[in-house]
Every structure is written in structure tokens, then in C-alpha cells.
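Geometric and topological summary
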Amino acid sequence: MKYFLSRLPGLAFVLLGISLITFTLSYFSPGDRAEAIAHARYPEEIAFPPELLQAIRAEFHLEEPFWLQYLYWFGNVLRGDFGLSYASQTSVWDIFIGNLGETVTLSLTSLGLGLAVAFLLASLAVRHPGTWLDRAAVMLSSVGAAMPSYWLGLLLILGFAVHLGWFPSYGTGTPAHLVLPALTLAFWVMASQTRLLRSFMLEAANQPFVETLRLRGISESEIFFRHVLRHAMVPAVTMIAIDFASLLEGAIIVELTFARSGLGSLLAGSVLSRDLPMVMFLVMFFAVAYVVINSLAEALQAASDPATRTQEQRV
Amino acid sequence: MPNYSRAFWTKTLAATCLAAAALLSPAAAETKLEMVIAAPFGPKSSIPDPRARQNGWLSNRAGVSETLIGIGYDMTLQPRLATGFENLSEREWKITLREGVKFHDGSAVTAQAVKESFEKLSEEGHPGNNPRLVKLLNIESIELVDDKTLVFRTSAPNSAFLWSLTEPSAAVMKDGTDAMPLVGTGPFVFENAETDKTYVTTGFADYWGGAPKLDRLVIDAISDPSVAALALQAGDVDLVTNYPEPDFAKLLEEGKGQLFSEATARLFFLQPRVNDGPLSNQTLLNAVSLGLDRDTIVAATLAGVGGQSANGIFPASMKSWVNGDISLSYDPAKALAMLDEAGITDSDGNGIRELNGEDIVLKIRSYEGRAALRPTLEISQIMLQQIGLGAEIAMGEFGANNEALKAGEIDLHLQAWGTAPQGDPDYFPSTLVATDGSYNVSGYSNPELDALLKKGRSLFSSEERKPVYAEVQAIINRDLPVIPLFHKTQVSVGNGKVEGYRIHPAETYLASPELAIAE
């Protein structure tokens, strides 16, 4: 906790930087922002009368200088007012909350599934090094890393929805709707984590203390589950956290492929309809989530590994 | 470890998946006649009042809301909630309502109810508030003549008034309740919606046009056409409104599938910078148009089924306004001869012709948002090179491209517009090619055309307006302030059981009482 608190000023600085970058990118994005708002409000139209654009400029303070606009926006953000979506004129926060659950459910399910398989594969590979099990685990993780989520998603739809008819091909609402999207993302987690866990476990298994334990007559199973795994988990925690943060972003493709509700499809839809308040909020959220999750992982790692903590404090 | 056979593992996996599917699947739908349609766009809020913003487009298509006047499949005005519409003077329009029309809550649609619905358009804070439509209609007052007759009085003469009443936002609605948040008059009653995802309706037995054949209609937003096509194959949807063109062409070739196809009023065109730069040279501009093979563009970008080569700004299906005597041809030989004759030749032998001593390299931009834009841009570049014109292409952003065209930084902007969203022919030329048009960034100015457009707006009879706009179309083809390429054709595919579905050229209507699913 103390470690995490010590990182807070840095975190606040990072978040301030993210807010400034997000706003600057939005401010200098090509095209007339008044037109972008009009387009978000009337997506099927392409031309807008000048009076309407002028009214929008006045409504959104678009003719004020850059810094004033930034302070106006950031002040509202600090007060928890993230503005209204250009497209629906409803609160950005309400829309976000309405979609958060779907993405978190998808991400956690995928992480759970992917990690379970990754642990199994990595454990088998490490306990049977050089065998076909080891090679199969490496090959499966390589295939998973090379296969784009979009492609895998379409294959799963084709196999399990079109040909077998076991699961719905798209949508949200029931646990059945979660199966194929979760499998798609879980495959990516499995691929990423199998390689990492295998290498962390191998590193731990080759530590001198393992030989000492063997000389003491401790069984291989006990050595692996009580000691090797424990040591491997120290670096793994950070990588799992990074993967979880990446999963939130990976959900964009999967949610679009399966036409699911969630933050990913919300972000993609907002970008396409040029709904800047929604885009800015989501970019901020993903950046903050990434930073916070990584900081928490580092804190957790530091707590479980005194060497890391000491090193971090020195830095 | 026992040596299990492959069949054992296959059966075990299948049984596990089946058991999981059975446990996870929702209960079988109770509704007998339900249709699920996959469309590219979804609702923009959970209770989208059809009068606000662009919500009316979806609720109109879903058959929840209706307007006083509609646009027919031949793009002419058609009675809807109003059976009669009469121009009393330049500023007065008498509207006679249809007998026996009920709102979804069972109450009658009266002149007073219509007046109240229109008044909500200008009521700030009301969910149906729509300042854009208020400006478009420009209503000064609404007078109730009797229970079924109203007189709309506009602040200024507005010959497009009746056309503006076809705008889906001009829906006649009654204030909703918690139990029934949207109270319209259409064949389907709003049940619920999820932003950008789904719009669910149920049949309205008391609909004035007869009870709909469907008990329930669901419109699901699936933005990726490939995913929508898979959903159709999986049996999760009954109809895909915007099917991937290459797959449609394949089905057409194989004679499979329940196919629907209709030309729409959406035009893909190039807007040139004609005030300065190379395309201020009319010969060069004409050569560009002659050098573009519109049939090949449609064949290559939309598999030959997603568009129709343009002969002008309006499609042939827009019978009431299209000038059928004009055309745009592909004639590279003529283009080459014209260029040679005008002295626009390749004197240094580098394959690119010169104008005023400089290589002609046209800067062309387009934007993301319509799948056919990028390939059209790429093919156009190749076609222009074949007549000795260099072309530098890039994708940008719509607004930024317009600014660049206005500043003369680029020469052509490839765009796609609905040319007659309310069926009126004035919108597209007045916006894009009139001297004071809000999107005339080409620098084109033709007093003859401006006078014709002004005249068209001042006339109230369609018979009198038609020759005016026919001449406008001819001038546009002659001067080329926009270079029409092709009109988009919408292609849909059903599961073989869809009945009563027809694609509307303005993409404004979809659900009708006749829409059904064969049992």
C-alpha cells in the first residue's frame, strides 16, 4: 500500500499528461469540430447549414482559445462531468457505465479461461521438457500469437454457429452469447501466457535452490507446486496484469466481430461517428486503466519480492 | 493412462459442448411470427424519440413512427397520415388527416394531436426537440380547421414544404409514458432499444393499414456485413439489409439465396476545384470525366451488383425528377483527342501530360465511412493515368478534404451523398453547386444555374419544377462542377422465408404490415 501511495504523484502526472494529449489530439484532429458534432447528431446527413454549425460552435465554446477550451474541459472532468455524447445527447458517464459490465465480464472470462489453459500447458511443458507435450505447447502458443482475433472469431462463428448451431453468432444478453467471444480472446491470452509462464517456470526450475530441495528429498511435485510455481508467479503477475489491460483494448475487435455491446464497440462506433466527448473519455479510461493496472501489478510484485521493492525504491 | 480412441474424444467434446449450449441457451422464443433483421446502424439511445436528431430514420424504417406525407418507391409524394395536401397560397398548406388512425395507446389521431406533436419540435428540453427541422419547416403557425384538417402557415414561401414533411423527424407522436415510452402510429409498437445494438417492436393490431402479419420485429445493428452474412447462415437473422456485394454477386451467379436489390439515390461523385488549378481548364475537366469507366468502377468495387453507372446526379429510379435525356459516357479516345487538340500533351515523354509547362498530377482525396470510396479512388487513379494524367491519392477526413479543396490544396474530392433525402431535387444542387451553396467549395459559380435554382424554389407545382431541374441536371453534366460516378444499389438477402420486403430508393422505409415470415 505504501509502495502504491508513493507512486501516486507520478501517476497523477501521467494522467495529467494523458488528458492533455487526448485533448490536444482531439483539438487538432482534421476538419471542423462543429461539423463533427453535427455529423454525430445527424449521421445520415453529410451537409449542414452554416447557421446550425454556428450555433454548435457557440454551444461548445469552439471559438475560444485552445488553453481556455482545455481548462474548461479539464475542469469539468475533475468535477466528474464528462459531458454529453454528441450522438445521443446523453451523459458520457451513463453510456460508459452501461457498457462497462459487458467488457469487464468478457475480459475476466477470457482471462480466466486463457490463464487456466496456459497454466496447464506451461506446467506440462516444464515438467516434461523436450517431449512432444513441450513442443505442442510451444506450437499452440505460436499459432495463437500469429492468429488475428478477427480471423479466429469468424472461424468460431463459422464452426460453432453456422455449421453446428450450438451458440449464437452475434449479440449480447445470455451466457451463450459470451462463449464464442470469450474463447476468441482466451486463445490470445493462452498464447501469450503459455510462452511467458513456460519461460518463467523454466527459469525458476533451474534455480540452485531447486537442486537443494531435491537433495533434501522433497518430491518433484512438491518442488514444482510449492516452490517453482511460487517463484515463477512473481514476474508472471506483471505480465498477467499487462495482458488484462490489453484485453480491455483487445475487446474492441472481438466486440465488433460478434456485434456485442461493450466499451470496444462503443469506442469504434464513437470514432466512426466522430463523437469526440465519448472518444476522449474512452481513450482516457483505457489509458488510466492501463496505468493503474500496471501500477497495481508492480505494487503486488514488489510486495511479494523484496529485491524488486528495494530496487524500485532506489530508482 | 488408458488409450482412448479419437472417436471417444470427439464424442466427449461434442457432448460437453451440446450440454453447455443447452444450459446456456435462452429459452425458445414464444412468439410465433418474429423477424430479425440485421442492419448496419442501430438506435442512438435507449428511448430514441423519432423527432429528435436522426432517430426518425430508424423508427420510420421499423414502422413505429409515421409522417403526414411519405415518399413512394418512384420518389413521388404519397399520402400517409394525411390523405390530402393542398397549397392554399405561397405560405399556406392545407392538410387533411386520414380517418380512423390511432396512436399506439389507442387514442385517435386528431388535428389537435398533430399540432401538439409539431409544437414539441421547438420546445427546448423536450425529447422531441429538433431545431434543424424547425428551421427546415419554418412553420409560423398551425391553424385547426376541424378535427381532421389543419392549415400550416410558413414564415416565408417554401416550395419544398411538403417534401420536408416527408423527413422522418416530422413524425406524428404523442407524449410517452413509462409503460409506453414512444407512442407513434405505425404498424409496429416500440418495445425497447439498446444504443447502437438493437431496436425491438411488436405488431400493432389497430393499425390503420391493417394489422401487421408479424407479431414481433427486431432490428439488430451488425456493422460488419461479413458478420451479418454469417448470422444469416447461422439462422440467427432472417434478413440482412446490407449484404456484402461480392457474396451477393456469388449468390446471384449461383442462383441461390433470396435476393433483393434496388438502386438508391446515394451518389458517388468527384467534386473538382474549378476556380483555380489544373481543373479550371474545362477541356481537362471534360477529359477526366470521359476517362473514367463507370461500369468498371462498379464492377471492381461493388462486384457489379452494388451500383449503377451514373448518367447524371439523379438515378433513373427517381422518375419524377430525373432528366432521362442526358448521359455521361466513357470515351478515352475522345478524351485523348481533346487533350491533344488543346495542346495538353506529354512533351517530355515521361508519360504525364503537361499544362502550362507543368506535369498534371491531380491530388485526389476521399474519406473513410463508405467501403466503396477507397477502391473507387484507387481505380480512378489508374484510369486517369491511362489518359496521361498523373494522380496522387490519399484518404483524409471529410471536413478537412473540403477545406483543402476550398484552399486549392487538392484538385478533386471523392464523396458519397444521398442526393434527395426528402425526395426534393433542390437539396443537392443548391448545397453543392449554387454559388452560395454551403458545400460549394469548388469555386464554381454560374449565374444561369443560380437563377434556375432560385426559380425552382419559387415554383409550387411539380409539373412546372420538373423542366427547371432537368435543365439544372443538364448544366451540371455540361460544366461538371461535380463529376457523377455511380448510384449505390442496396443489396439485401433473406433466408428464403421473407415476404413483403422491398428496398426503398431513399432507404427511408422498411417495415410494413405486409412484411412477413413464411411459416
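The model shown is predicted, which means the values in this text are computed figures rather than measured ones. (Residues numbered from 1 in each chain as written. Chains lettered and ligands numbered in written order. Predicted model: local features only at pLDDT ≥ 70, side-chain atom pairs only at ≥ 80, totals over all residues.)

1. Remarks on the overall build of chain A
Which entries qualify depends on this criterion: Working definition: helices are DSSP H or I runs of at least four residues, strands are E runs of at least two. Numbering for both runs from the N terminus. Counting other C-beta atoms within 10 Å of its own, a residue is labelled buried from 20 upward, exposed at 12 or fewer, and partly exposed in the gap between, with every C-beta atom placed from the backbone. Contacts here follow a simple rule: the backbone-placed C-beta atoms of the two residues must lie within 7 Å.
Along chain A, the regular secondary structure elements total 13 helices and 0 strands. The N-to-C order of helical and strand elements in chain A reads α-α-α-α-α-α-α-α-α-α-α-α-α. Here the C-alpha coordinates of chain A stretch approximately 85 × 60 × 30 Å along the principal axes. Counting the 315 residues in chain A, one finds 40% classified as buried. Look at the contacts in chain A between residues 6 or more apart in sequence, and 72% of them connect residues 24 or more apart.

2. Some words on the overall build of chain B
Our working definition: Every radius of gyration here is taken over C-alpha atoms, with the globule rule written as 2.2 Å times N^0.38, N being the number of residues.
Across its full length, chain B holds 15 helices and 21 strands. Taking 2.2 N^0.38 as the reference for a compact globule, 519 residues should give roughly 24 Å; the C-alpha atoms of chain B span a radius of gyration of 26 Å, in line with that estimate. Expressed as lengths along the three principal axes of its C-alpha atoms, the size of chain B is roughly 90 × 75 × 40 Å. By residue count, 50% of the 519 residues in chain B fall in the buried class. Residue pairs at least 24 apart in sequence account for 69% of intrachain contacts in chain B once pairs closer than 6 positions are excluded.

3. A word on the sheet that holds strand β6 (residues 139-146) of chain B
All names here are of chain B. Threshold: Two strands are counted as paired when DSSP detects at least two bridges linking them. To define axes, lines are fitted to C-alpha atoms, for helices over the stretch in contact only, and angles between the resulting N-to-C directions are given on a 0 to 180 degree scale.
Spatially, the 4 strands line up as an open sheet ordered β4-β5-β7-β6, and their pairing is antiparallel. Across the chains shown, the open sheet's two edge strands, defined by having one partner strand only, are β4 (82-89) and β6. The sheet shows a mean angle of 20 degrees between the axes of neighbouring strands, direction not considered. In this sheet, strand β7 (residues 149-154) lies alongside β6 in antiparallel orientation, the contact comprising 6 bridges. Looking across to β7, one finds that L144 is bridged to L150. Against the sheet, helix α3 (residues 111-119) engages β5 (92-97), β6 and β7, with an angle of about 170 degrees to β6.

4. Brief notes about the interface of chain B and chain A
How big an interface is tends to be reported as the loss of accessible area on association of its parts. The line we're drawing: Any residue outside Ala, Val, Leu, Ile, Met, Phe, Trp, Tyr, Cys, Pro, Asp, Glu, Lys and Arg is labelled polar, Gly included; the first ten of those are nonpolar and the last four are charged.
Contacts between chain B and chain A engage 40 residues on the former and 40 residues on the latter. For the side of chain B that touches chain A, the secondary structure elements donating two or more residues are α1 (6-24), α4 (131-137), β10 (216-221), α6 (225-233) and α12 (398-406) of chain B. Looking at side-chain class alone, the side of chain B that touches chain A contains 17 nonpolar, 12 polar and 11 charged residues.

5. Brief notes about the packing of helix α6 (residues 132-146) of chain A against helix α8 (residues 175-205) of chain A
All names here are of chain A. Selection rule: By the definition adopted for this analysis, an angle is roughly parallel if under 35 degrees, roughly antiparallel if over 145, roughly perpendicular if from 65 to 115, and oblique otherwise. Rotating anticlockwise by less than a right angle from the far helix to the near helix defines a left-handed crossing, while the corresponding clockwise rotation defines a right-handed one.
The interhelical angle for the contact between α6 and α8, taken along N-to-C directions, is 135 degrees, at an axis separation of 8 Å. Considered as vectors, α6 and α8 are oriented oblique to each other. By crossing handedness, the relation of α6 to α8 is classed as left-handed. Between α6 and α8, the contacting residues are A137, L140, S141, G144 and A145 on the first element and F187, W188, M190, A191, S192, T194, R195 and R198 on the second. Of the residues in the contact of α6 with α8, the class split is 7 nonpolar, 4 polar and 2 charged.

6. Brief notes about the confidence of the model for chain B
All names here are of chain B. Note the threshold: The predictor attaches a confidence to each residue, called pLDDT, with possible values from 0 through 100.
The predicted model of chain B averages 89 in pLDDT, with 94% of residues at 70 or higher. Here α1 stands out as the least confident element of chain B, with mean pLDDT 51; helix α8 (residues 282-291) is the most confident, with 97. In the model, residues 1-5 has pLDDT below 50 throughout and makes 1 contact with residues more than four positions away in sequence or in other chains. Note on residues 25-29: pLDDT under 50 across the span, and 5 contacts to partners over four residues away in sequence or across chains.

7. Section: the pairing of β5 of chain B
Residue and element names in this part refer to chain B. The side-chain alternation of β5 yields one buried face, formed by W93, I95 and L97, and one unburied face, formed by E92, K94 and T96. If you look at the hairpin formed by β4 and β5, you'll find 2 residues sitting between the two strands. For β5 and β7, the ladder comprises 5 bridges, and the chain directions are antiparallel. When the bridges of β7 are listed, T96 appears paired with T149.

8. Concerning the pairing of strand β16 (residues 361-367) of chain B
Looking along a regular strand, one sees side chains alternate from face to face of the sheet. All names here are of chain B. The buried fraction of β16 amounts to 6 of the 7 residues, a majority that puts the element mostly inside the structure. Here 7 bridges tie β16 to strand β17 (residues 390-396), and the two strands are oriented parallel to one another. Bridge pairing in β17 links K363 to E392.

9. Some remarks on the environment of A146 of chain A
The residue A146 of chain A is located in helix α6 in this model. Expressed as a C-alpha distance, the spacing of A146 of chain A and R195 of chain A, which sit 49 residues apart in the sequence, is 13 Å.

10. Structural notes on the packing of helix α14 (residues 447-458) of chain B against helix α15 (residues 462-479) of chain B
Residue and element names in this part refer to chain B. Relative orientation of the contacting elements α14 and α15 amounts to 155 degrees, with a least axis distance of 9 Å. Taken as axis vectors, α14 and α15 run roughly antiparallel relative to one another. Like other packed secondary-structure pairs, α14 and α15 cross with a definite hand, here left-handed. Contact with α14, carried on its side by E448, L449, L452, L453, K455 and G456, involves R465, V468, Y469, E471, V472 and I475 of α15 and no other residues of that element. Taken together, the residues of the contact of α14 with α15 break down into 7 nonpolar, 1 polar and 4 charged.

11. Describing the environment of A82 of chain B
Mapped onto the fold, A82 of chain B is located in strand β4. Apart from the residues within four sequence positions on either side, A82 of chain B is in contact with L68, I69, I95, T96, L97 and R98 of chain B.

12. Things to note about α8 of chain B
Counting buried positions over the 10 residues of α8 of chain B gives 7, a clear majority of the element. Restricting attention to buried positions, one finds in α8 of chain B the residues L284, L285, A287, V288, S289, L290 and G291 of chain B.

13. Comments concerning unusual backbone geometry
Residue and element names in this part refer to chain B. In the Ramachandran plot, M75 falls in the positive-phi region, its phi being about 65 degrees despite a non-glycine side chain. Here M75 shows up in the loop between β2 (69-71) and β3 (77-79). C-beta crowding within 10 Å serves as the criterion here: with 23 such atoms nearby, M75 is assigned to the buried category. Residues other than glycine seldom take positive phi values, yet N356 does so here, at roughly 55 degrees. Among the secondary structure elements, N356 is positioned in the loop between β14 (354-355) and β15 (358-359).

14. Observations regarding the environment of L215 of chain A
All names here are of chain A. Considering the arrangement of structural elements, one finds L215 in helix α9 (residues 208-215). On the basis of neighbour count, L215 is assigned to the exposed category, with 8 C-beta atoms found within 10 Å. Considered as a pair, L215 and S270 are 55 residues apart in the sequence and their alpha carbons are 62 Å apart.

15. Topic: the confidence of the model for chain A
Looking at chain A as a whole, the pLDDT averages 83, with 92% of positions reaching at least 70. Within chain A, the lowest mean pLDDT, 53, falls on helix α13 (residues 306-314) of chain A, and the highest, 92, falls on helix α7 (residues 149-163) of chain A.

16. Some remarks on α6 of chain A
For an α-helix, the turn length of 3.6 residues means that residues three or four places apart are oriented alike. Residues and elements named next belong to chain A. Selection criterion: Helix span is expected to be 1.5 Å times the residue number reduced by one. By construction, the arc corresponds to the directions joining the helix axis to the C-beta atoms.
Here α6 spans 21 Å end to end across 15 residues, near enough to the 21 Å set by a 1.5 Å rise per residue. Those residues of α6 lying buried are A137, S141 and G144. Taken down its axis, α6 places every buried residue within 60 degrees of arc, on the same side. Turned more than 90 degrees away from the buried face of α6 sit W132, R135, M139, V143 and A146, all of them exposed. Residues of α6 that are buried in the fold lie against α5 (92-127) and α8.

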